[in-house]
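Listed here are the chains, written in short residue letters.
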Amino acid sequence: MQVDAFTDRPFGGNPAAVCVLSAPRGERWMQDVAREMNLSETAFLHPENEGYRLRWFTPVTEVALCGHATLASAHVLWQDGRLPGERQARFHTLSGPLTADRRGDWIELDFPAMGPIPAPPPAGLAAALGAEPRWVGRSRFDYLVLVAHEETVRTLKPDFRALEQVEARGIIVTSRAVTPGFDFVSRFFAPRTGILEDPVTGSAHCALTPFWSERLGRTEMTGYQASLRGGTVRVRHAGDRVVLAGQAVTVLEGELV
């Protein structure tokens, strides 16, 4: 099944393939399927310990955390009747236990907070992005780069070959929002994992949430990931956890043969 996550309309947000299995399958098979799907993430899940084992693969590698494919997976479990609508979805993952809850038309994910700490910018970062950073930090997975204006974020045209040399899963670029209804905007580039630009990145908001919570003095905010497809993420900072909320739409159903 293919689901557009962090959006309320088809062909927006971030598409994820969701493959619900009755039993585990081998890593090579899952990687082959993810390569065949050719989306930023393909999620594989099967029942385990009163929940579901959940793994995420890009077309080239397995990743340790993915927000939009988790959102999509929970959406599929409720839509297919594998879980009652009022029951929490529980996942066992490489990043520990994760949960999802339905809140009307929105799905809330409970994820670990990964606030960035100041870090020297990698050599050539500004030139690769085509923008001058105002602040650079490093989270568990990524570099986070603050720039001066929302327009800068929206109009970035990075040198992806240069960005691929940065030793991190990806690079988050962000600024305070001027668009009404949003507190901050961001984009996410991850050429090292086979994704030049990810449309909407839940796991990046594990870093963005504590970062902007500290600067804005608020625990609840709304972020917009300003990719071509675009997507909205409601966030809440809760100590060492973050709550990420989004919507999801099924756009394709199929069967692997």
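Predicted model only: the values in this text are computed from it and were never measured.

**Section: the overall build of the protein**
Move 1: Looking only at helices and strands, the protein has six helices and 18 strands in total.
Move 2: In terms of C-alpha radius of gyration, the protein reaches 17 Å, essentially the compact-globule figure of 18 Å for 257 residues.
Move 3: Its C-alpha atoms give the protein principal-axis dimensions of roughly 50 × 35 × 30 Å.
Move 4: When each of the 257 residues of the protein is scored for burial, the buried share is 57%.
Move 5: Of all intrachain contacts in the protein linking residues separated by at least 6 positions in sequence, the fraction that spans at least 24 positions is 62%.
Move 6: Here the protein has roughly 11,700 Å² of accessible surface; of this, 47% comes from carbon and sulfur atoms.

**Some points on the pairing of strand E12 (residues 170–176)**
Move 1: In terms of burial, E12 is a largely internal element, six of the seven residues being buried.
Move 2: Across five bridges, strand E11 (residues 142–146) lies against E12 in parallel orientation. Looking at the pairing, Tyr 143 lines up with Ile 171 of E12.
Move 3: Bridge analysis of E12 against strand E13 (residues 184–190) gives six bridges, and the strand direction is antiparallel. By the bridge assignment for E13, Arg 176 is matched with Phe 184.

**Regarding the side chain of Thr 93**
Move 1: As for its placement among the helices and strands, Thr 93 is situated in strand E6 (residues 89–93).
Move 2: When its relative accessible area of 9% is taken as the criterion, Thr 93 is described as buried.
Move 3: A polar contact is formed between the side chain of Thr 93 and the backbone nitrogen of Ser 95, at a distance of 3.0 Å.
Move 4: There is a polar contact of 2.7 Å between the side chain of Thr 93 and the backbone oxygen of Gly 96.
Move 5: In this structure Thr 93 touches Arg 53, Leu 54, Trp 56 and Leu 98, once residues within four positions along its chain are discounted.

**Some thoughts on the nonpolar core**
Move 1: In terms of nonpolar packing, the biggest core is built from 53 residues, with Trp 56, Leu 65, Phe 91, Ala 100, Phe 111, Trp 212 and Leu 244 touching the most fellow members.
Move 2: Of all the elements, helix H2 (residues 67–79) adds the most residues to this core, at seven residues.
Move 3: Apart from the residues lying within four places of it in its own chain, the contact partners of Trp 212 are Leu 146, Thr 174, Ser 175, Arg 176, Phe 184, Gly 217 and Met 221.
Move 4: Tyr 143, Leu 163, Ile 171 and Val 173 belong to the second-largest nonpolar core, a separate cluster that totals 21 residues.

**Thoughts on the environment of His 205**
Move 1: Among the structural elements, His 205 can be located in helix H6 (residues 205–216).
Move 2: The buried category is assigned to His 205, whose relative accessible area is 0%.
Move 3: The spacing of His 205 and Gly 239 is 34 residues in sequence and 14 Å in space, taken between C-alpha atoms.
Move 4: Those residues in contact with His 205 that sit more than four places away from it in its chain are Phe 184, Ser 186, Pro 210, Gln 225, Val 233, Val 235 and Leu 244.

**Here's the deal with H2**
Move 1: Counted at 1.5 Å a residue, the expected span for H2 with its 13 residues is 18 Å, and the 18 Å between its end C-alpha atoms agrees.
Move 2: Burial within H2 is extensive, with twelve of its 13 residues counted as buried.
Move 3: Listed as buried for H2 are Gly 67, His 68, Ala 69, Thr 70, Leu 71, Ala 72, Ser 73, Ala 74, His 75, Val 76, Leu 77 and Trp 78.
Move 4: Among the residues trailing H2, Gly 81 stands out with phi positive, at a value near 80°.

Parameters at a glance
Residues numbered from 1 in each chain as written. Predicted model: local features only at pLDDT ≥ 70, side-chain atom pairs only at ≥ 80, totals over all residues. Heavy atoms only, no water. Helix = DSSP H or I, 4+ residues; strand = E, 2+ residues; numbered from the N terminus. Rg over C-alpha atoms; globule rule 2.2 N^0.38 Å. Buried < 20%, exposed > 50% of the residue type's maximum accessible area, 1.4 Å probe, protein only. Contact = heavy atoms within 4.5 Å. Areas by Shrake-Rupley, 256 points an atom, 1.4 Å probe, with all protein chains shown as cover. Pairing = 2+ DSSP bridges. Polar contact = N/O pair within 3.5 Å; in protein donor to acceptor, adjacent residues only side chain to side chain. Core = buried A, V, L, I, M, F, W, Y, C linked by side-chain atoms within 4.5 Å. Expected span 1.5 Å × (residues − 1).

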